[in-house]
Amino acid sequence: MKKVLTQISIILLVLSISGVQSAEKCSPDFEMSKSSIVNNNQNDSSEKGEVFVFFDQSTTMQGFTIDQPGQENLYVNIVDDIQQIAENIGSDTIYQNFGTEINPMQDRDVAKVKTKKFYECSGSSVACNNQSSTIQEIFKIAEEIPEATHIVITHLSLQDRQLVGNESKQIRGPLTSILKQGKSIGIIGVMNSFNGKIDNIPLRSGEYNEYLDAESRPFYILVIGNQDNINRIKDNIEENHFSSNKENFKYALITSSPILQNLNENKLIDENNMPTKLAREENFNFSYIEDYLPVYKFTGNKQTKMKFKIKNNQIVVPGSTGVSKFSISEKVWTTNKTKCKDIKGWNEANFGPLSEITQNNDELVIDLFTEKPLKKLFRGVRYFYKIDVFADKPGNSSEKEFSEWSVNSSDIDKFTQSNPVSFKTLNLEKFVSILNAVSGDTFKKTLIASFAVNFNLTK
Amino acid sequence: MNMKHILRSVLLSAIGLALLGWVSFWFTTLNAFGPDGESDLLQWYFNKLVQKEEITSSGMPWEELAVSLYNLLAQMTTALLSTTVVAALLWSIGSHFLNVNAPGKAKFYFIYWIIFTGIFMAIVVGIVFWFTKSAAFNAADYLSDDGVIIISAVSFIYYFLVYYLGILLGTARFARSSILFGNKIPVSELL
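Residues numbered from 1 in each chain as written. Chains lettered and ligands numbered in written order. Predicted model: local features only at pLDDT ≥ 70, side-chain atom pairs only at ≥ 80, totals over all residues. Heavy atoms only, no water.

**Considerations on the overall build of chain A**
The line we're drawing: Helix numbers and strand numbers start at the N terminus; a helix is a DSSP run of H or I with at least 4 residues, a strand a run of E with at least 2. Burial classes follow relative accessibility: with a 1.4 Å probe on protein chains only, a residue under 20% of its type's maximum area counts as buried, one over 50% as exposed, and anything between as partly exposed. Only heavy atoms matter for contacts: two residues are in contact if any of them lie within 4.5 Å across the pair. Working definition of accessibility: Shrake-Rupley area with a 1.4 Å probe, residue cover restricted to the visible protein chains.
What chain A contains, in helices and strands, is 13 helices and 20 strands. Per-residue burial over chain A gives 53% buried out of 459 residues. Taking the intrachain contacts of chain A between residues at least 6 apart in sequence as the baseline, contacts between residues at least 24 apart amount to 79%. Carbon and sulfur atoms make up 45% of the accessible area of chain A, which totals about 21,700 Å².

Right under this line is the structure:
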């Protein structure tokens with residue numbers, strides 16, 4: 001009797017071990033899609049790089065240094081702030097001025113930047129008239145010294161010729177190279193009091209005009225470098241001068257990838273990305289496969305609603321061009337065994353598109369099973385539906401951001417004749433659109449999130 | 001009331017039912033055993049009854065999915081055949097209780113037969129609907145619209161014929177005029 005009992009126990013033990021070893025196939029075998037996001041936020045080296053600060057020395061900049069009654073003058077304070085930040089973020093700060101050419105500045109000249117005298121033209125009257133800033137030269141320097149941070153303070157009025165043909169190439173070429181190296185360009189715009197002469201206003205006749213009645217006009221701080229430094233400068237200016245009212249402050253970030261992060265790598269997807277109702281479905285369970293792919297498992301019915309939502313601020317770099325087009329890649333596997341322990345294998349389905357993706361101001365919404373509703377799927381079948389969400393095309397939100405302060409060369413004559421108190425920047429929108437176009441060229445389709453739903457469909 | 005006549009009606013009705021009803025019995029048995037490899041029936045179901053494209057795109061082998069459809073059809077034909085048998089026997093037995101006390105009065109009960117038959121056919125339709133269109137069986141999802149029409153039409157015609165043969169032979173001799181073409185049956189010792 002004892003012998004029989006021992007034999008039974010051995011058999012039971014063997015059976016229980018084999019039962020444990022036969023792993024459940026609750027999900028199909030597939031290759032995890034991984035993201036190729038380059039983190040633009042991090043400095044490659046732990047060392048602080050050099051900081052180049054370029055001051056636009058064209059005579060029209062004088063107007064920012066002279067107070068205008070009734071208007072707030074932030075130029076002097078902001079220039080002061082920039083000098084301080086530049087000293088803090090860089091191991092070495094190099095000051096240069098630029099107009100028709102770029103020249104290094106002596107330390108004693110740096111303090112003069114806040115004064116009218118700094119902008120007085122010392123050349124001949126011919127040279128002093130019709131100046132145009134050689135901003136393209138600064139981009140070349142930034143391309144040559146990509147590890148440094150480059151800060152440019154300028155009125156940013158660009159002539160048509162600077163934005164077409166060969167001169168345009170001189171901007172696009174270095175920009176492409178800068179963005180490809182993972183660097184970004186921040187444009188900070190400040191509407192400031194202005195008391196001076198705005199020259200170089202192109203007329204339809206081909207001649208140039210000047211305007212003296214402007215009481216305010218924007219100036220710009222371009223920052224070329226890594227996003228950390230750009231954000232630091234932007235945050236500093238914003239907090240010090242525009243914490244209560246941002247009406248006179250604008251910001252855009254041009255980057256090779258406006259994507260902040262891949263949500264899977266940082267495990268930022270949770271139950272709340274789906275409607276709360278889903279968590280109340282029978283047998284609901286949320287877990288990560290291989291510490292990477294979040295899976296919503298449940299028993300659903302043909303009325304189950306699945307809307308996966310991602311907040312824009314989780315995926316889009318703040319202030320960047322944003323993303324104008326998202327896409328999804330879908331894969332479905334099926335099995336007619338509804339219990340995981342019975343599943344021997346999964347079959348790859350070919351349903352075609354099942355869901356659609358839309359974006360509003362706050363969030364990205366993936367409406368599951370809109371193209372092919374659940375009521376068209378078979379009951380009594382377990383479905384494993386994996387979705388990869390991609391950013392396809394960068395947006396142009398920065399163009400819109402600055403369009404209010406921009407005037408085209410074709411309209412500037414008419415605009416000047418309207419005697420504006422607040423003057424706009426010539427060709428600003430075109431300049432930003434060039435930056436956007438370059439960033440669009442360097443943009444690569446990026447995986448921002450992956451998730452799956454594993455459900456058994458009932459009545 | 002002669003019990004011998006009722007039993008003879010039941011027997012005759014059973015014979016009438018069996019004349020065509022065996023096909024249903026055979027079909028039910030076939031379905032109850034489930035799909036058999038690449039049988040013609042399995043292929044016919046795939047070609048005629050189900051949503052071919054949806055099944056193909058689901059990636060699941062038809063043979064695996066067909067198990068539940070076979071089960072559905074086996075249960076449905078069992079329900080239909082049972083209903084038919086019960087209806088035919090009910091009428092056959094009930095016909096002996098019709099008050100036919102004058103010549104030609106049996107024809108008066110034709111309206112009864114029509115109503116009874118109408119109820120039977122409504123039950124047939126209800127059974128087919130319950131199996132093919134309601135959420136009772138998952139396999140109903142596989143059926144195409146054409147498949148449902150084929151199943152409905154065949155069931156409607158076939159089970160009516162089974163029922164009709166059952167009552168044609170099983171109805172009491174004196175009440176035969178109450179059913180369609182009942183008076184055409186020759187009167188003999190056997191019938």
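**Topic: the confidence of the model for chain B**
When pLDDT drops low, the exact placement of atoms in the prediction is not to be read closely. Basically, it comes down to this: Summary of the metric used: pLDDT quantifies the predictor's per-residue confidence within the range 0 to 100.
Mean pLDDT over chain B stands at 88; residues scoring 70 or higher make up 95%. Confidence metrics for the complex model read pTM 0.77 and ipTM 0.82.

**Here's the deal with the sheet that holds strand 10 (residues 282–289) of chain A**
All names here are of chain A. What counts, and what does not: Two strands make a pair as long as DSSP finds a minimum of two bridges between them. All axes are obtained by fitting lines to C-alpha atoms, using only the stretch in contact for helices, and the reported angles, taken between N-to-C directions, cover 0 to 180 degrees.
Ordered by their spatial adjacency, 6 strands build an open sheet running 10-11-20-17-13-14, and the pairing between neighbours is mixed. Edge positions in the open sheet fall to strand 10 and strand 14 (347–349), since each of these has one partner strand only. On average, adjacent strands in this sheet sit at an angle of 20° to one another, irrespective of strand direction. Alignment of strand 11 (residues 293–300) against strand 20 (residues 446–457), held across 6 bridges, turns out to be parallel. Directly across from T299, in strand 20, lies its bridge partner N456.

**Re the sheet that holds strand 4 (residues 149–154) of chain A**
Residue and element names in this part refer to chain A. As summarised here, the arrangement of the 7 strands in space is 3-2-1-4-8-5-9, forming an open sheet in which the pairing is mixed. Taken across any chain shown, the strands that pair with only one partner, and hence form the sheet edges, are strand 3 (102–104) and strand 9 (249–255). With direction set aside, neighbouring strand axes in the sheet form an average angle of 20°. Where strand 1 (residues 50–56) lies against strand 2 (residues 92–98), 7 bridges are found, and the strand directions are parallel. In the strand pairing of strand 2, F54 is matched with Q96.

**Some words on the domain arrangement of chain A**
Residue and element names in this part refer to chain A. How we decide: Domain segmentation is taken from an automatic or database assignment of domains. Two parts lose some accessible area (1.4 Å probe) when they are put together, and adding that loss for both gives the buried area. Salt bridges are identified by distance alone: a Lys or Arg side-chain nitrogen within 4 Å of an Asp or Glu carboxyl oxygen. Within 3.5 Å is the distance limit for a polar contact, defined as a pair of N or O atoms, with the added protein rule that one can donate a hydrogen and the other accept it, and that residues adjacent in sequence qualify only through two side-chain atoms. Under this grouping Gly is polar, as are all residues other than the nonpolar Ala, Val, Leu, Ile, Met, Phe, Trp, Tyr, Cys and Pro and the charged Asp, Glu, Lys and Arg.
Annotation of chain A at the domain level lists domain 1 (50–257 + 396–442) and domain 2 (261–394 + 446–457). The C-alpha centroid of domain 2 is placed 45 Å from the C-alpha centroid of domain 1. Opposite the 12 residues of domain 1 that make contact, domain 2 presents 8 residues. When domain 1 packs against domain 2, the two sides together hide about 670 Å² of surface, and 51% of this comes from carbon and sulfur. Contact with domain 2 buries area across many residues of domain 1, yet L253, N396 and S397 alone supply 43% of it, more than any other trio. On inspection of domain 1 and its partner domain 2, the count reaches 0 salt bridges. Counting every contact that joins domain 1 to domain 2 gives 1 residue pair in polar contact (both at pLDDT 80 or more). Elements that contribute at least two residues to the side of domain 1 that touches domain 2 include exactly strand 9, helix 11 (397–403) and helix 13 (428–442). The greatest single-element share of the side of domain 1 that touches domain 2, amounting to 5 residues, is contributed by strand 9. Each residue belonging to the side of domain 1 that touches domain 2 can be placed in one class, and the counts come to 4 nonpolar, 8 polar and no charged.

**Structural notes on the state of the cysteines**
Residue and element names in this part refer to chain A. Threshold: The definition used for a disulfide is geometric: two cysteine sulfur atoms within 2.5 Å.
On inspection of all chains with the given rule, the structure shows 1 disulfide over all chains. Disulfide pairing is shown between C26 and C340; the S-S distance is 1.6 Å. Placement of the pair is C26 in the loop between helix 1 (2–21) and strand 1 and C340 in the loop between strand 13 (323–335) and strand 14, with a sequence separation of 314 residues. Among the residues examined, C26 registers a relative accessible area of 15% and is labelled buried. You can call C340 buried: its relative accessible area is 9%.

**Brief notes about the pairing of strand 8 (residues 216–225) of chain A**
Residue and element names in this part refer to chain A. Burial analysis of strand 8 places 10 of its 10 residues in the buried class, which makes it a mostly covered element. By the alternation rule, side chains of strand 8 split into S216, P218, Y220, L222 and I224 and R217, F219, I221, V223 and G225, which are all buried. Summarising the sheet, strand 4 and strand 8 pair through 5 bridges and their orientation is antiparallel. In the strand pairing of strand 8, I151 is matched with V223. Where strand 5 (residues 184–193) and strand 8 come together, 10 bridges link them in antiparallel fashion. Along strand 8, the bridge assignment pairs V190 with F219.

**As for the pattern of salt bridges**
All names here are of chain A. Scanning all chains against the criterion turns up 21 salt bridges over all chains. As a salt-bridge pair, K140 and E137 come within 3.9 Å of each other at their nearest N and O atoms. On the criterion of helical spacing, the pair formed by K140 and E137 is a turn pair, its members being 3 residues apart in helix 6 (residues 135–144). Given the relative accessible area of 29%, E137 is considered partly exposed.

**Considering the interface of chain B and chain A**
Chain B puts 18 residues into the contact, and the matching count from chain A is 17 residues. Regarding the contact of chain B and chain A, the summed buried area is about 1,300 Å², with carbon and sulfur atoms giving 50% of it. The largest share of the area that chain B buries against chain A comes from B:S57, B:M60 and B:D141, three residues that together contribute 37% of it. On the surface where chain B and chain A come into contact, there are 8 residue pairs in polar contact (both at pLDDT 80 or more). Residue assignment for the side of chain B that touches chain A shows that the elements contributing at least two residues are helix 3 (52–58) and helix 4 (62–94) of chain B. In terms of residues, the side of chain B that touches chain A owes the most to one element, helix 3 of chain B, which gives 4 residues.

**Let's talk about helix 1 (residues 3–32) of chain B**
Residues and elements named next belong to chain B. To keep it simple, the criterion reads: One less than the residue count of a helix, multiplied by 1.5 Å, gives the span that helix is expected to have. What we call the bend at a residue is the angle made by axes fitted to the seven residues finishing there and the seven residues starting there.
For helix 1, with 30 residues, the first-to-last C-alpha span of 37 Å runs short of the 44 Å given by 1.5 Å per residue. If you look at helix 1, its biggest bend is around 55°, right at L20. Of all the positions in helix 1, only I6, S9, L12, S13, G16, L17, G21, S24, T28 and N31 are classed as buried. Where helix 1 is buried, its residues contact helix 2 (40–49), helix 4 and helix 6 (145–170). Count one or two residues on from helix 1 and you reach G34, which has phi positive near 85°.

**A short note on the side chain of B:T83**
Among the secondary structure elements, B:T83 is positioned in helix 4. Dropping the residues within four chain positions of it, B:T83 is found in contact with B:F120, B:I123 and B:I127.

**Some thoughts on the confidence of the model for chain A**
All names here are of chain A. When the pLDDT values of chain A are averaged, the result is 85; 90% of them are 70 or greater. Confidence, read as mean pLDDT per element, is least for helix 1 in chain A (53) and greatest for strand 16 (residues 363–367) (94). Low pLDDT (under 50) marks residues 14–22, which in the prediction has 0 contacts with non-local residues, meaning those over four places away or in another chain. Below pLDDT 50 for its whole length, residues 41–45 participates in 5 contacts with residues either more than four positions away or in separate chains.

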